[in-house]
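# Geometric and topological summary
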Amino acid sequence: MLIKVKNYEYNWSLLPRARGVIVILMEIKALREVITSTANLKPKDITLPKLEECLQSIQSCPFPTEEPITDILWKVAVQYCAVLTEFAVQGLVEKQNPTAESDEVINLHDQAQYLTTIDLVRQFTLHLYLPRELRGVSKCEAQLMVKLEEQERMRRLTYCTAQFRRMFETKLLALHPRLADTVIDFLAASYSLAKTTLMQSNSLPAFPREHMFRSLLVIKGSPGLPLELAKALHNDLLHLTGEPSGFPVLCRILLSGDQTNESAPSWRKGEVIAKIVSSKGHTKKFYRQVLSDCFEFYHWAVQQDTQEAITYATICIECLKRFMQLPAPYRELHARIDEYFFRSFRELAAPQELVAGCVVQERLGLLSNLLECNMAFTGSTVSSLPSSLLVPYLPICLKLLTMLPPACEEHTYLHNLIVFCLSNRTKQELTTILNSLLLNCTADVGKYQLHPRVIYKCSENDTNYSLQIGPATSDQESDTENLLPVLVDVLKASNRNLLLYDVFLTLLSELLTGTWTGSSHEPEPLLDGVERDTLLCNRFHQKYTLIQSLMDLISHQHFHSQLYDNPKEVLTILTASLTKAIDTTECSVQDSDILEVVLSIFQEFLQRIRNRYDVADILKLLLRYRNSASCSDALKVQIDLLCHGPSTSEHDDLSESPCLNALSLCSDQQPYCKVYGTTLLLKLLKERDPETIAQRHKILILALVNLRDEESYAFLNSVRLLVALCDVLEAEVVDELVKEYLNESNEIDYRLKIGEATVKTVETLGPFAVRYRDTLLNCFLTGTHNAVDEFRTSSLSNVGSVCRILSYQVHHFFYELFTGVKSIVETDNYIPAKRAAILVLSQLLEGIDGLMDFQEYLLLIYRFLKHVIATDKDDVTKLQAAVALDHLKAKTKDFLQINPDELERRMFGRVI
């Protein structure tokens, strides 16, 4: 209770009960005088006479003591302890509501002097009576000394500790940062008296966790600390670390530099923290809480853009790496780490909801997760998490690269993750990964694959996107994409030449000794016709993908230095393959074709290093193989060119061979060079140049690559090259064009170009294209269901063009064509697509022979056209429907007007 007094003249008879209050006010005034005079002293100038002089204003006030005090220093210490505790209760802290528990408010006028006095009194009370080994834990400038027996020292230390405990019951004093040294001395005294853990018993005041950590670490670092006391401090530090938010506080304290060795680098401190929290023997509760705090702290640090935050993130990674190194009994921690980093990938592999339009991942969430994974996995091998964790998610990373725009930041993170993962794999693991990607058996390596219904959905402003559940698709469509070319593009964009070299050797070995050679290439005899054709088609596409990947790698400029500096392994593989082919009595056609492809790939390489002794052995083997019966004519020409042709220096810019010069120009980045090289290749193909014919597979790959060029004249010349290739590589050109057209990972513009090139190729084949009728119509009919309006329209146009080129010999597809047109006209909102669909039906009705063979469908077509004419809002669509109806009427009228001379033939033609 505080009474505000305006003056000192009172009528005591009117206030009989106020005398005690006035006494208290006088005592508080005296206490304030003591505190003010003491706070003005300098620590080095403190002497007993000066301290006694400061206490003069309260000499008349009695202080409770157990016995008379003869030691003046101790008497002064007891009086100061009483002054501090009494002032903390009566004059410093006020409560808003004395009758209830409310917030404490410090009198700011007395706060600074009071805190200074506490620090001074601490130096000749708590600090003075601490054990010798603990006196260096805090700052002390006072010159007072005392020599006592151990029992007396312990008694005085116990009294001082109890008095300071009373002061720290005031929350605002316990939380104030200026009392850091006082807190250290108090804790040192408490632990030296108890010699046991104090945190679990809650026997300490409510100090901030930062103060507790810092103080206990300072005390723990004192030299000569008794083992029992050190163990108690260690246990309490672990207890603080295992509490919620304890791990971040520990990291900040140890890296602050004020209480630790500032000369020690941050990585060394990080190793100390990781060793503390990840050592064996902690409780499960401790591990779980520390791991949760580590995840939260790491997530915060990654989002910050400061050097300090990066240091904290590095410490978290070190801790997680130590957790991963724990043995099998700690597999729960391993599972939680895997779940934290790859939760987004698992959601993409197994969405909770398969409702069309349901959002699986927003861009911000995916970007944040990739950023965390990038920092955790793409450092050095000694400062990052095990890269083996990334292997099950490689297919998802590669698939995301094909879905997301190349300019977005996510591409960089995905590139880094893929390259880092492959760089740390053994040769056997790398071989397994590459083979699984090549054979589309990603489940053998990647435990998680992107769900086939997850699609990329861009927002209106084109800056954000989401991964959503798309419409249901057939399994056949989802199996068409091969991720190996995506991986090759990632490797070419990196600077890991050694990894490029290892991948190249692995793919080359797979081509020469894998499933493409010998009897293993033949399908199983128990398959039916459809399954056999499907298997052979898939193997052809896989073989083409493998050859294309090898071509891309060997044409990569940064790969040349590694290849020419270390050709021994490549030559060893080539020598072993040639030796096997020569020693085999019956060399299959597939082996001969593969050897032809390999020589076309390595022709320039072998010519550049022809002077090596091991290359001479390969040339001898090639000449020996040329004389065998299994060597084809095309391969003989290629061997002659390689063995007897002009040699090429490693530093020559252009080869003397016209074919190689043209190929080099086609591979140039400048459009005019591509056009000139394409023109040369067209001339060589027309002249049936043997070397150019031998390089036909490489030319096909280059033509498809150049189709992506944005320059129209480069694109049109590539179309001409594809058309010219049909003379020497007809089936492969058509199959590859169809595959690229159906590949949904390709850009829409590129697929439109492929469609145009396919139509041009079919026009060149003319009536001979009927052998590819089923493949072409199925391809373009599939495109009519695409979500992109322009692509649907283009596919309908391509369907009409193919039907026209085939002279409308598409009777087996008549009903499917009609149902497709009907579906587009009735459900599509894009007017050009509806117009194209009606036009296709009109041309089909006009051009097809034997229309009356489909009498069961003609009534449906008639009603459909009448309905379009009556209900459609577009005049052009109605006009085209009317034209189609006229064609139908004309064909029906011609059929009904039978010539009597032909009646017998029509009635009995099939019998006769």
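What you see is a predicted model, and the numbers here were worked out from it, not measured in a lab.

Broken down by element type, the protein chain carries 41 helices and 5 strands. Split into buried and exposed, the 912 residues of the protein chain put 49% on the buried side. Residue pairs at least 24 apart in sequence account for 71% of intrachain contacts in the protein chain once pairs closer than 6 positions are excluded. In the structure as shown, the protein chain presents an accessible area of about 45900 Å², 52% of it carried by carbon and sulfur atoms.

With respect to topology, 3 strands assemble into an open sheet ordered β3-β5-β4, the strand pairing being antiparallel. Because the sheet does not close on itself, it has two edges, and the strands there are β3 (359-362) and β4 (454-458). Across the sheet, the mean angle separating the axes of adjacent strands is 30° when strand polarity is ignored. Pairing between β4 and strand β5 (residues 465-469): 5 bridges, direction antiparallel. Among the inter-strand pairings, Val 454 is bridged to a residue of β5, identified as Ile 469.

This paragraph deals with the state of the cysteines. Under the defined criterion, the tally for this structure stands at 0 disulfides. We note that Cys 160 lacks a disulfide partner, and the nearest cysteine sulfur, in Cys 81, lies 4.7 Å from it. Judged by relative accessible area, which is 0%, Cys 160 ranks as buried. In this structure Cys 421 is not part of a disulfide, and its nearest cysteine sulfur, from Cys 397, lies 8.2 Å away.

In this section: helix α31 (residues 696-706). By the criterion of burial, α31 is predominantly enclosed, with 10 of the 11 residues buried. All of the buried residues along α31 are Arg 696, His 697, Lys 698, Ile 699, Leu 700, Ile 701, Leu 702, Ala 703, Leu 704 and Asn 706.

The next point concerns the nonpolar core. Of all hydrophobic cores here, the largest spans 280 residues; its most connected members are Phe 341, Phe 377 and Phe 602. Here this core gets 11 residues from one element, more than from any other, and that element is helix α3 (residues 72-92). Counting the residues that make up this core, at least three belong to each of domain 1 (21-96 + 104-242) and domain 2 (808-911). With residues near it in sequence (within four places) discarded, Phe 341 still touches Tyr 298, Leu 320, Asn 369, Glu 372, Cys 373, Ala 376, Phe 377 and Leu 385.

Another point: the pattern of salt bridges. Per the stated rule, a full pass over the model turns up 20 salt bridges. Where Glu 763 meets Arg 804, a salt bridge forms, and the shortest distance between an N and an O atom there is 3.7 Å. Within this pair, whereas Glu 763 is found in helix α34 (residues 748-765), its partner Arg 804 is found in helix α36 (residues 789-805), the two being separated by 41 residues in sequence. Overall, Arg 804 belongs to the partly exposed group, its relative accessible area being 46%. Three or more residues joined by partner-sharing salt bridges are found here, namely Asp 119, Arg 122 and Asp 185.

Moving on, we get to the confidence of the model for the protein chain. The predicted model of the protein chain has a mean per-residue pLDDT of 79, with 85% of residues at 70 or higher. Here helix α19 (residues 475-478) stands out as the least confident element of the protein chain, with mean pLDDT 45; helix α12 (residues 284-303) is the most confident, with 92. Low pLDDT, under 50, characterises residues 1-26; the predicted model gives this stretch 11 contacts beyond four residues in sequence or across chains. Considering only residues more than four positions removed or in separate chains, one finds that residues 648-655, a stretch of pLDDT under 50, has 12 contacts.

Take a negative patch on the surface next. There is a patch of like negative charges on the surface, built from Glu 710, Glu 711, Glu 747 and Asp 749. With respect to the secondary-structure elements, Glu 710 resides in the loop between α31 and α32 (712-725). By relative accessible area, Glu 710 is classed as exposed at 78%.

Turning next to the side chain of Lys 753. Here Lys 753 is to be found in helix α34. Take Lys 753: its relative accessible area is 18%, and that puts it in the buried class. Other than its neighbours up to four places away in sequence, Lys 753 contacts Leu 707, Arg 708, Asp 709, Glu 710 and Phe 715.

Axis separation between helix α16 (residues 394-403) and helix α20 (residues 484-493) bottoms out at 10 Å; the angle between their running directions is 85°. The angle between the axes of α16 and α20 places the two elements in the roughly perpendicular class. Contacts between α16 and α20 involve Leu 398, Leu 401 and Thr 402 from the former and Val 486, Leu 487 and Val 490 from the latter. The residue inventory of the contact of α16 with α20, partitioned by class, reads 5 nonpolar, 1 polar and no charged.

Where helix α10 (residues 246-256) contacts α12, the two axes come as close as 7 Å, and the packing angle between them is 60°. The pairing of α10 with α12 is recorded here as oblique in orientation. Contacts between α10 and α12 pair Gly 246, Phe 247, Pro 248, Cys 251 and Arg 252 from the former with Val 290, Asp 293, Cys 294, Phe 297 and Trp 300 from the latter. Class assignment of the residues belonging to the contact of α10 with α12 gives a composition of 7 nonpolar, 1 polar and 2 charged.

Right, let's get into the environment of Cys 319. Take Cys 319: it is sitting in helix α13 (residues 307-324). On the basis of relative accessible area, Cys 319 is assigned to the buried category, the value being 0%. Put simply, Cys 319 and Ile 273 are 46 residues apart on the chain and 7.5 Å apart in space, counted from C-alpha to C-alpha. In this structure, Cys 319 is in contact with Phe 247, Ile 273, Ala 274, Val 277 and Cys 294, ignoring residues within four places of it in sequence.

Bringing the packing of aromatic side chains into the picture now. Two descriptors summarise a pair of aromatic rings, namely the distance from one centre to the other and the angle between the planes of the rings. Applying the stated criterion across every chain yields a total of 27 aromatic pairs. Between Phe 247 and Phe 297, the aromatic rings sit 6.4 Å apart at their centres with planes inclined by 85°, giving edge-to-face as the arrangement. Residue Phe 247 is found in helix α10, and its partner Phe 297 is found in helix α12; the two are separated by 50 residues along the sequence. On the basis of relative accessible area, Phe 247 is assigned to the buried category, the value being 0%. Aromatic rings pair up to connect Phe 295, Tyr 298, Tyr 340, Phe 341, Phe 342, Phe 345, Phe 377, Tyr 393 and Tyr 448 into one cluster. Positioned above the aromatic ring of Trp 300 is the side chain of Arg 252, whose terminal nitrogen or guanidinium carbon lies 5.2 Å from the ring centre. Sitting over the ring of Tyr 312, Arg 252 keeps its end group 5.9 Å from the ring centre.

The next subject is unusual backbone geometry. With phi around 65°, Ser 245 is a residue other than glycine that occupies positive phi space. Along the chain, the position of Ser 245 falls in the loop between α9 (227-241) and α10. Residue Ser 245 is classed as partly exposed on the basis of its relative accessible area, which comes to 39%. The phi dihedral of Arg 688 is positive, around 60°, even though this residue is not glycine. Following the sequence through the fold, Arg 688 ends up in the loop between α29 (671-686) and α30 (690-694).

Following the UniProt record, the feature "domain: RNA polymerase II assembly factor Rtp1 C-terminal" (unreviewed entry) maps to residues 661-767 and 861-888 here. Secondary structure content for residues 861-888 is 89% helix and 0% strand, and the end C-alpha separation is 9 Å.

Assignment of secondary structure puts Arg 32 in helix α1 (residues 19-39). Arg 32 sits in the partly exposed class, given a relative accessible area of 30%. With 60 residues separating them along the chain, Arg 32 and Leu 92 place their C-alpha atoms 9.6 Å apart. If we ignore the near neighbours within four places in the chain, the residues touching Arg 32 are Phe 87 and Asp 110.

All right, on to the side chain of His 176 then. In this structure, His 176 sits in the loop between α6 (171-174) and α7 (180-194). Look at His 176 and you get buried, because its relative accessible area is 17%.

Right, let's get into the environment of Leu 172. Note on placement: Leu 172 falls in helix α6. For the pair formed by Leu 172 and Phe 207, sequence separation is 35 residues and the distance between their alpha carbons is 9.8 Å.

Criteria and cut-off values
- Residues numbered from 1 in each chain as written.
- Predicted model: local features only at pLDDT ≥ 70, side-chain atom pairs only at ≥ 80, totals over all residues.
- Heavy atoms only, no water.
- Helix = DSSP H or I, 4+ residues; strand = E, 2+ residues; numbered from the N terminus.
- Buried < 20%, exposed > 50% of the residue type's maximum accessible area, 1.4 Å probe, protein only.
- Contact = heavy atoms within 4.5 Å.
- Areas by Shrake-Rupley, 256 points an atom, 1.4 Å probe, with all protein chains shown as cover.
- Pairing = 2+ DSSP bridges.
- Axes fitted to C-alpha atoms, helices over the stretch in contact; angles between N-to-C directions.
- Disulfide = S-S within 2.5 Å.
- Core = buried A, V, L, I, M, F, W, Y, C linked by side-chain atoms within 4.5 Å.
- Domains from an automatic or database assignment.
- Salt bridge = Lys/Arg side-chain N within 4 Å of Asp/Glu carboxyl O.
- pLDDT = per-residue confidence, 0-100.
- Patch = residues over 30% accessible without salt bridge, like charges linked within 9 Å, V, L, I, M, F, W, Y side chains within 5 Å.
- Lys, Arg positive; Asp, Glu negative; His and termini not counted.
- Charge placed at Lys NZ, Arg CZ, Asp CG, Glu CD.
- Parallel < 35°, antiparallel > 145°, perpendicular 65-115°, else oblique.
- Nonpolar A, V, L, I, M, F, W, Y, C, P; charged D, E, K, R; others polar.
- Phe/Tyr/Trp six-rings, centres within 6.5 Å; stacked < 30°, edge-to-face > 60°.
- Lys NZ or Arg CZ within 6 Å of the ring centre and 35° of its normal.
- UniProt positions renumbered as here; feature names shortened; annotations may be inferred.

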